[in-house]
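Residue-level listing of the chains:
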Amino acid sequence: MNLSKRTVPGRAPSEPEQQPFPERDGQFFRIDDFDMWVEFHGEGEPLLMLNGGFAMTPLLDELIDAYKKHFRVIAFDARGHGRSTFGNGPATYARQAYEAVALMDKLELETAHFWGHSDGGCASL
């Protein structure tokens, strides 16, 4: 069996590999030693959304849609989640909280509301 030329069922061998994430509007910000994926939705007072472990921004879409009617939602993928890179060192609640504040500094936000799910909730506290 020759594994050097594997194909994905339903896709011609000449087609490029699909991207692992759906197309979304957002951008990367360099926070210390990693690149953080950040999305902006809606208008109003800033609301930072911190995802839980093994989660990423697309999993928060229904909540983003609800909150963007009242806030400027700033949703980001935590270190090593979704589109964000891993960087070096462990991912801890304290580090995730620090990184959220570092993002606020980059965005020149003095205050923001925080919403966190699971690990993101612990970091928010």
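Draft legend 1. Layout of the pairing of strand E3 (residues 45–50). Most of E3 sits out of view: five of its six residues are buried. Both E3 and strand E4 (residues 71–76) contribute to a ladder of six bridges, which runs parallel. Bridge pairing links Leu 50 to Phe 76 in E4. Sheet topology note: the E3/strand E5 (residues 113–116) ladder contains four bridges and is parallel. Bridge assignment links Leu 48 to a residue of E5, and that residue is Phe 114.

Draft legend 2. Spotlight on the environment of Val 38. Examined against the element boundaries, Val 38 turns out to sit in strand E2 (residues 34–41). When residues no more than four places from it in sequence are discounted, the contact partners of Val 38 are Gly 26, Gln 27, Phe 29, Ile 74, Ala 75, Phe 76 and Leu 103.

Draft legend 3. View of the pattern of salt bridges. Under the counting rule described, the total for this entry stands at eight salt bridges. When the shortest N-O distance is used, the salt bridge between Arg 30 and Asp 35 registers 3.2 Å. Judged by its relative accessible area of 26%, Asp 35 is partly exposed. Asp 65 is paired through a salt bridge with Lys 68; the nearest N and O atoms lie 3.4 Å apart. Taking relative accessible area as the criterion, Lys 68 reaches 35% and is therefore assigned partly exposed. The network of salt bridges with common partners includes Asp 33, Arg 79, Arg 95 and Glu 99.

Draft legend 4. Local environment of the side chain of Gln 96. Along the chain, Gln 96 turns up in helix H2 (residues 93–106). Discounting chain neighbours no more than four positions away, the residues touching Gln 96 are Leu 50, Asn 51, Ala 78, Asp 119, Gly 120 and Ala 123.

Draft legend 5. Summary view of the nonpolar core. By size, the foremost hydrophobic cluster in this structure holds 16 residues, and its most contacted members are Ile 31, Met 36, Val 38, Leu 48, Ile 74, Phe 76 and Leu 103. Going through the elements one at a time, strand E1 (27–31), E2, E3, E4 and H2 are the ones with two or more residues in this core. Here the element with the most residues in this core is H2; it accounts for four residues. If we ignore the near neighbours within four places in the chain, the residues touching Met 36 are Gln 27, Phe 28, Phe 29, Ile 31, Phe 76, Asp 77, Ser 84, Glu 99 and Leu 103. If you look at the next biggest cluster of nonpolar residues, it comprises seven residues, including Leu 47, Ile 64, Val 73 and Trp 115.

Draft legend 6. Local environment of the packing of aromatic side chains. Within the structure shown, the criterion is met by three aromatic pairs. A ring pair is formed by Phe 29 and Phe 40, whose centres lie 6.4 Å apart and whose planes are at 75°; its orientation type is edge-to-face. One end of the pair, Phe 29, is in strand E1; the other, Phe 40, is in strand E2, with 11 residues separating them in the sequence. A relative accessible area of 27% places Phe 40 in the partly exposed class. The ring of Trp 37 has Arg 83 sitting right over it, with the charged end atom 4.7 Å from the ring centre.

Draft legend 7. Representation of H2. Between its first and last C-alpha atoms H2 spans 20 Å; for 14 residues at 1.5 Å apiece the expected length is 20 Å, and the two agree. Taken together, the buried positions of H2 are occupied by Gln 96, Glu 99, Ala 100, Ala 102, Leu 103 and Met 104. Contacts from the buried residues of H2 go to E1, E2, E3, E4, E5 and helix H3 (119–124).

Basis of the calculations
Residues numbered from 1 in each chain as written. Predicted model: local features only at pLDDT ≥ 70, side-chain atom pairs only at ≥ 80, totals over all residues. Heavy atoms only, no water. Buried < 20%, exposed > 50% of the residue type's maximum accessible area, 1.4 Å probe, protein only. Helix = DSSP H or I, 4+ residues; strand = E, 2+ residues; numbered from the N terminus. Pairing = 2+ DSSP bridges. Contact = heavy atoms within 4.5 Å. Salt bridge = Lys/Arg side-chain N within 4 Å of Asp/Glu carboxyl O. Core = buried A, V, L, I, M, F, W, Y, C linked by side-chain atoms within 4.5 Å. Phe/Tyr/Trp six-rings, centres within 6.5 Å; stacked < 30°, edge-to-face > 60°. Lys NZ or Arg CZ within 6 Å of the ring centre and 35° of its normal. Expected span 1.5 Å × (residues − 1).

All quantities given are derived from atomic positions and should not be read as evidence of function.
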